[in-house]
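Given next are the chains, with one letter for each unit.
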Amino acid sequence: MTWPSRRAPQAAAPVGTVTVGGIDPGPPSDEDLPISLYSSHRPRFRGRAGTAASTVSTLVVIGGLVALIASPAAGSFRNGFLNIHQMWIALAGDPSRGILSVGKGFVLNIWLSLLCEVIVLVLALGVASLRLTRGPVLLPFRALAIAYTDFARGVPVILVMLWVGFGAPSLGIKEISTQSPVVYAGFVLVFSYSAYVAEVYRAGLLSVPRAQIQAARSLGLSSRTTLYRVVLPQAVRNVLPALLNDFTSLQKDTAIVSTLGVAEAVHSAQIAGGVEFNYSGFTVASILFLLITIPLTRYTDRIMNKDRNRRLAGTTA
Amino acid sequence: MTVDERPGRVSNATPAPDPASPGSGPASPGRAPATSERSNRRAKDDLDRLPVLRATGVHKSFGPLEVLKGVELTMATHDVVCLIGSSGSGKSTLLRCCNLLERIDAGTIELFGHDLADERVNEDLVRRHTGMVFQSFNLFPHLRVLDNVTLAPRRVLGVDRGAAEARAKELLERIGLADKAHEYPDRLSGGQQQRVAIVRSLAMEPRLLLLDEVTSALDPELVAEVLDLVGELAHQGMTMLIATHEMGFAREVADTVCFLEGGRIVESGPPERIFGDPTEPATRRFLQRIIDAGRL
Ligand SMILES: Nc1ncnc2c1ncn2[C@@H]1O[C@H](COP(=O)(O)OP(=O)(O)O)[C@@H](O)[C@H]1O
Ligand SMILES: [Mg+2]
């Protein structure tokens, strides 16, 4: 069997052709070469042209946004959400008219998120460790830990919040029913987030090679010391971005506490909005949250990149 | 290779256990610390007479796969025993049974006179006195070289930081890596990492060192620096059980070479005999394969 020639039929160019009229044909044009490597697009902006291009595009985008907000059609939006005077009232509060300070409320959000995060970090580690135990004796605990993480991650936080916030006071058990809503709120946040963070920890613990554990045990380190000095530091380092992400979420979800009437930032903004028929308070609360969460997410990204570089650099043998 | 002759090993290169330091004295857990010089020496002499390791009829299976089918092996203090055998013959498994990373199914392994199956034997104590170095180094990547070396002395023996670091620096100095003390392991070459791993084991002053193909993961040009260190340890009298594919090294450094095949030690003896005039056909076949591969 003969294969068809893979050589494209070429225009016969007899050897030693003399250029007619002494005109140098110059370098072959793209069409003359068998494979084209020329871009069919226009060349990208490079160097100073690139800087100029990015400046122009930035100005266009910002200008567009400003024009949108400043346009007469957006007047009611400006007045309802971006009213500087109203924003100030909401931020500072006005006790004489029952307007709570969003700023003061936000202090509660921060405080609550920090306290909850600390408890979550400890509890979640316990849950994750339980899930990773082996042996028949601990089976019921393992099952319990799995049931808990499935449940707590499967139900919306706001539902648990309503459930506990309104259910617990109606139980009629003194120790449980007479707690302040802040306590209920803290309990719910810890309950929900411990499940998420436990799963993050578990992924981290599983990411540490077993050879590391064997090396540690071979040196005579106890299982406890191995966990705390060898496994956990590596596990946490491997999942630090995920832990920070969950912390950012927890920080934001303190807003759900508003459903229980706790005077935190969002609830205070709601009150201000109700009294003034103006929603600039919500803008204030949003800005406050962003002031915390944006640096946090930037930081998370940085860690993630550093971590990725470290991994990609690899080890040499 | 620099260690081709071993004129009279320094017999007390492995220092006698210091009764003041917690957890030393492997053969005498619970024994009151010897107070007089004489009783101290007597305890050490006892220890030297005992076999460091005695394996009899060791069987080990992983599920249906029986890896060890009656291994017999005895090692005295200062012995250097090389385990050779093809990949999958159970060398690693045997080593791992000796420091209880694996439990055997039948037979006995005695370490420093203690039956490892005895339920009073504490596996952490076994490992404290038995160093193990792995093919893949397994340095702790989150700790600097110095902290890799001091971790166990500090956390297991309770040595204070200053003393542990001084000792670690001394050891690193000896392998020429003092300047890397504050680097993380991934900044070191494989050969350097493996030497740090060996030093990390040495920092616990083990009475027995288990080396599991410590050069198999290294680029060829890095093998020598690690083998030189192991040879030096042998020269100083360290008791070592070494699984290796480096036949030239085994020939130079071993007192006894054991050929492992089919779950048993088929043949063992001094390196000159095993490599020069093996009696078992299986050993001959194995060595022929090694020669054909150009590795002897
Ligand atoms: N933990 C384990 N589980 C199941 N099989 C194993 C395990 N460890 C080793 N083996 C098997 O036991 C045999 C011997 O392995 P190994 O001791 O590592 O051999 P060597 O070190 O001589 O190459 C191999 O077939 C290996 O697959
Ligand atoms: Mg092996």
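Cut-offs and rules
- Along each chain, numbering runs from 1 in the same order as the chain's sequence is written.
- Whichever chain is written first becomes A and whichever ligand is written first becomes 1, with later ones labelled in order.
- Owing to the predicted nature of the model, reporting of local features is limited to residues with pLDDT of at least 70; listing and counting of side-chain atom pairs is limited to 80 or more, with chain, interface and lining totals taken over all residues.
- Hydrogen atoms and water are omitted, and side-chain values are computed over all heavy atoms in the structure.
- Counting from the N terminus, the helices are DSSP H or I runs at least four residues long and the strands are E runs at least two residues long.
- Accessible area is worked out with a 1.4 Å probe on protein chains only. A residue is then buried under 20% of its type maximum, exposed over 50%, and partly exposed in between.
- The contact rule is simple, with two residues in contact once any of their heavy atoms fall within 4.5 Å.
- All accessibility values rest on the Shrake-Rupley procedure with a 1.4 Å probe; residue burial counts only the protein chains present in the view.
- Residues belong to a common nonpolar core when they are buried Ala, Val, Leu, Ile, Met, Phe, Trp, Tyr or Cys residues joined through side-chain atoms within 4.5 Å.
- Whether a residue is near a molecule or strand depends on its heavy atoms: if one lies within 4 Å, it is near.
- A 3.5 Å cut-off defines polar contacts: any pair of N or O atoms within that distance qualifies, except that in protein one atom must be a possible hydrogen donor and the other a possible acceptor, and neighbouring residues in sequence count only when both atoms are side-chain atoms.
- Multiplying 1.5 Å by the helix residue count minus one yields the expected span of that helix.
- pLDDT runs from 0 to 100 and stands for how confident the predictor is about each residue.
- Whether two strands pair depends on DSSP finding at least two bridges between them.
- All axes here are fitted lines through C-alpha atoms, helices being fitted over the stretch that makes contact, and every angle between N-to-C directions spans 0 to 180 degrees.
- For this classification, under 35 degrees means roughly parallel, over 145 means roughly antiparallel, 65 to 115 means roughly perpendicular, and everything else is oblique.
- Working rule for handedness: look at the near helix, and if it is turned counterclockwise from the far one by less than a right angle, call the crossing left-handed; if clockwise, right-handed.
- Any residue outside Ala, Val, Leu, Ile, Met, Phe, Trp, Tyr, Cys, Pro, Asp, Glu, Lys and Arg is labelled polar, Gly included; the first ten of those are nonpolar and the last four are charged.
- Any pair of Phe, Tyr and Trp rings, taking the six-membered ring for Trp, is counted once the centres come within 6.5 Å. Such a pair is stacked with planes under 30 degrees apart, edge-to-face with planes over 60 apart, and tilted for the rest.
- Values labelled buried area give the accessible surface lost by two parts on being combined, using a 1.4 Å probe and summing over both.
- The salt bridge criterion pairs a side-chain nitrogen of Lys or Arg with a carboxyl oxygen of Asp or Glu, the two atoms within 4 Å.
- Cavity means a closed set of points on a 1 Å grid over the protein atoms alone, one where a 1.4 Å probe fits but cannot get out, pocket means an open set with protein on both sides within 12 Å along at least 5 of 7 lines, and lining means a residue has an atom within 4 Å of a point.
- Grid points are joined across faces, edges and corners, and a volume is the space filled by probe spheres set on the points.
- By convention in this document, the label disulfide applies to cysteine sulfur atom pairs within 2.5 Å.

## A closer look at the overall build of chain A
When helices and strands are counted, chain A shows 12 helices and 0 strands. Sequence-ordered secondary structure for chain A, helices as α and strands as β, is α-α-α-α-α-α-α-α-α-α-α-α. Relative to its 317 residues, chain A shows a buried fraction of 35%. Taking contacts inside chain A between residues at least 6 apart in sequence as the whole, the part at least 24 apart equals 72%. Accessible surface, chain A as shown: approximately 20,200 Å² in total, 68% of it carbon and sulfur.

## Describing the nonpolar core
One finds Leu172(B), Val196(B), Ile198(B), Leu211(B), Met240(B) and Ile242(B) to be the most contacted residues of the largest nonpolar core, which totals 50 residues. If you tally residues by element for this core, the top one is helix α7 (residues 220-235) of chain B, at 8 residues. In contact with Val196(B), not counting residues within four places along its chain, are Leu139(B), Val145(B), Val149(B), Leu172(B), Ile175(B), Leu177(B) and Leu188(B). Among the nonpolar cores identified, the runner-up in size contains 43 residues, and Ala215(A), Cys98(B), Leu151(B) and Leu210(B) belong to it.

## Considering the site of ligand 1
Residues and elements named next belong to chain B. Close to ligand 1 lie Phe 62, Leu 65, Val 67, Ser 86, Ser 87, Gly 88, Ser 89, Gly 90, Lys 91, Ser 92 and Thr 93, which account for all nearby residues. Contact distances for ligand 1 include 2.9 Å between an oxygen atom and a backbone N or O atom of Lys 91. A distance of 2.5 Å is found between an oxygen atom of ligand 1 and a side-chain nitrogen or oxygen belonging to Thr 93. Bound to the protein, ligand 1 loses 60% of the 560 Å² it would expose on its own. Contributing elements (two or more residues each) for the shell around ligand 1: β2 (65-75) and α2 (91-98).

## Considering α7(B)
All names here are of chain B. With 16 residues, α7 extends 23 Å between its outermost C-alpha atoms, agreeing within 8% with the 22 Å of an ideal straight helix rising 1.5 Å per residue. Burial in α7 covers these residues: Leu 222, Val 223, Val 226, Leu 227, Leu 229, Val 230, Gly 231, Leu 233 and Ala 234. On its buried face, α7 is in contact with β3 (80-84), α5 (161-174), α6 (190-202), β7 (208-212), β8 (240-243) and α8 (247-253). Note on α7: the residue one or two positions beyond its end, Gly 237, has a positive phi of about 100°.

## A few points about the confidence of the model for chain A
Confidence along chain A averages 85 in pLDDT terms, with 87% of residues attaining 70 or more. Of all helices and strands in chain A, the one with the weakest mean pLDDT is helix α7 (residues 174-177) of chain A (77), whereas helix α9 (residues 210-218) of chain A scores best (97).

## Topic: the pairing of β7(B)
Residues and elements named next belong to chain B. Of all 5 residues making up β7, 5 are buried, and the element is well covered by its neighbours. Of the two faces of β7, the one carrying Leu 208, Leu 210 and Asp 212 and the one carrying Leu 209 and Leu 211 are both buried. Across 4 bridges, the pairing between strand β6 (residues 130-133) and β7 is parallel. Directly across from Gly 131, in β7, lies its bridge partner Leu 209.

## A closer look at the packing of helix α4 (residues 102-132) of chain A against helix α5 (residues 139-154) of chain A
Think of two packed helices as two axes; the pair is described by the angle between the axes and how far apart they sit. Residues and elements named next belong to chain A. Running from N to C, α4 and α5 point in directions that differ by 125°, and their axes come no closer than 8 Å. One finds that α4 runs oblique with respect to α5. When you trace α4 past α5, the crossing you get is left-handed. Taking contact as the criterion, the partners of Val 127, Leu 130 and Arg 131 in α4 are, on α5, Phe 141, Arg 142, Ala 145, Ile 146, Tyr 148 and Thr 149. Of the residues in the contact of α4 with α5, the class split is 6 nonpolar, 1 polar and 2 charged.

## A word on the sheet that holds β7(B)
Residues and elements named next belong to chain B. Strand order in the open sheet made by the 6 strands is β6-β7-β8-β3-β9-β10, with mixed pairing throughout. Of all strands in the sheet, those bounded by a partner on one side alone are β6 and β10 (264-269). Recorded for the sheet is a direction-independent mean angle of 20° between the axes of neighbouring strands. Note: strand β9 (residues 256-261) against β10, 5 bridges, orientation antiparallel. Within β10, the residue paired with Val 257 across the bridge is Gly 269. Of the strands in this sheet, β3, β9 and β10 touch helix α10 (residues 281-292), which is tilted by about 95° from β9.

## Focus: the packing of aromatic side chains
Think of a pair of aromatic rings as described by two things: how far the centres are apart, and how the planes are tilted against each other in angle. Residues and elements named next belong to chain A. The tally for this structure, following the rule as stated, stands at 9 aromatic pairs over all chains. Measuring from ring centre to ring centre gives 6.0 Å for Phe 81 and Tyr 279, while their planes differ by 35°; the resulting arrangement is tilted. Here Phe 81, found in helix α2 (residues 75-81), pairs with Tyr 279, found in the loop between α11 (265-276) and α12 (280-313); they are 198 residues apart in sequence, far enough to count as distant. Ring geometry for Tyr 193 against Tyr 196: centres 5.8 Å apart, planes inclined by 45°, an arrangement best described as tilted. Here Tyr 193 pairs with Tyr 196, and both are found in helix α8 (residues 181-207), just 3 residues apart, close to one helical turn. Here a set of aromatic residues connected by ring pairs shows up, and it is made of Phe 77, Phe 81, Tyr 279 and Phe 282.

## Regarding the interface of chain A and chain B
On the chain B side, the residues contacting the 21 residues of chain A number 30 residues. Of the roughly 2,100 Å² buried where chain A meets chain B, counting both sides, 56% is carbon and sulfur surface. At the junction of chain A and chain B, the tally comes to 2 salt bridges. For Glu123(B), the salt bridge is made with Arg217(A), and the minimal N-O distance between the two is 3.3 Å. On the surface where chain A and chain B come into contact, there are 7 residue pairs in polar contact (both at pLDDT 80 or more). When contributions to the side of chain A that touches chain B are tallied by element, the ones reaching two or more residues are α9 and α10 (223-253) of chain A. In terms of residue count, the dominant contributor to the side of chain A that touches chain B is α9(A) (7 residues). The residue makeup of the side of chain A that touches chain B, split by class, is 8 nonpolar, 9 polar and 4 charged.

## Remarks on the sheet that holds strand β1 (residues 53-62) of chain B
Through backbone hydrogen bonds, the strands of a sheet pair up, either in parallel or in antiparallel fashion. Residues and elements named next belong to chain B. If you trace the 4 strands from one edge of the open sheet to the other, you get β2-β1-β4-β5, paired in antiparallel fashion. Each edge of the sheet is formed by a strand with only one pairing partner; in this case those strands are β2 and β5 (114-115). In this sheet, strand β4 (residues 106-111) lies alongside β1 in antiparallel orientation, the contact comprising 5 bridges. Paired with Thr 56 across the strands is Thr 108, a residue of β4. In the packing of α2 onto the sheet, the strands contacted are β1, β2 and β4, and the crossing angle to β2 comes to about 60°.

## Some thoughts on the environment of Val197(A)
Along the chain, Val197(A) turns up in helix α8. In this view, Val197(A) contacts Val120(A), Leu121(A), Ala124(A), Leu243(A) and Asp246(A); residues no more than four positions away in its chain are not counted.

## Notes on empty space enclosed by the protein
Residue and element names in this part refer to chain A. Inspection of the entire model under this criterion finds 4 cavities of 30 Å³ or more. What lines the second largest cavity is Gln 86, Ile 89, Ala 90, Ala 272, Gly 273, Glu 276, Asn 278, Ser 280 and Gly 281. Contributions of two or more residues to the lining of the second largest cavity are made by α3 (84-92), α11 and α12.

## Thoughts on the state of the cysteines
Residues and elements named next belong to chain B. For the structure shown, the criterion picks out 0 disulfides over all chains. Looking at Cys 98, it has no disulfide partner, and the nearest cysteine sulfur is the one in Cys 97, 6.8 Å off. Of all cysteine sulfurs, the one in Cys 82 lies closest to Cys 258, which takes part in no disulfide; the gap is 8.9 Å.

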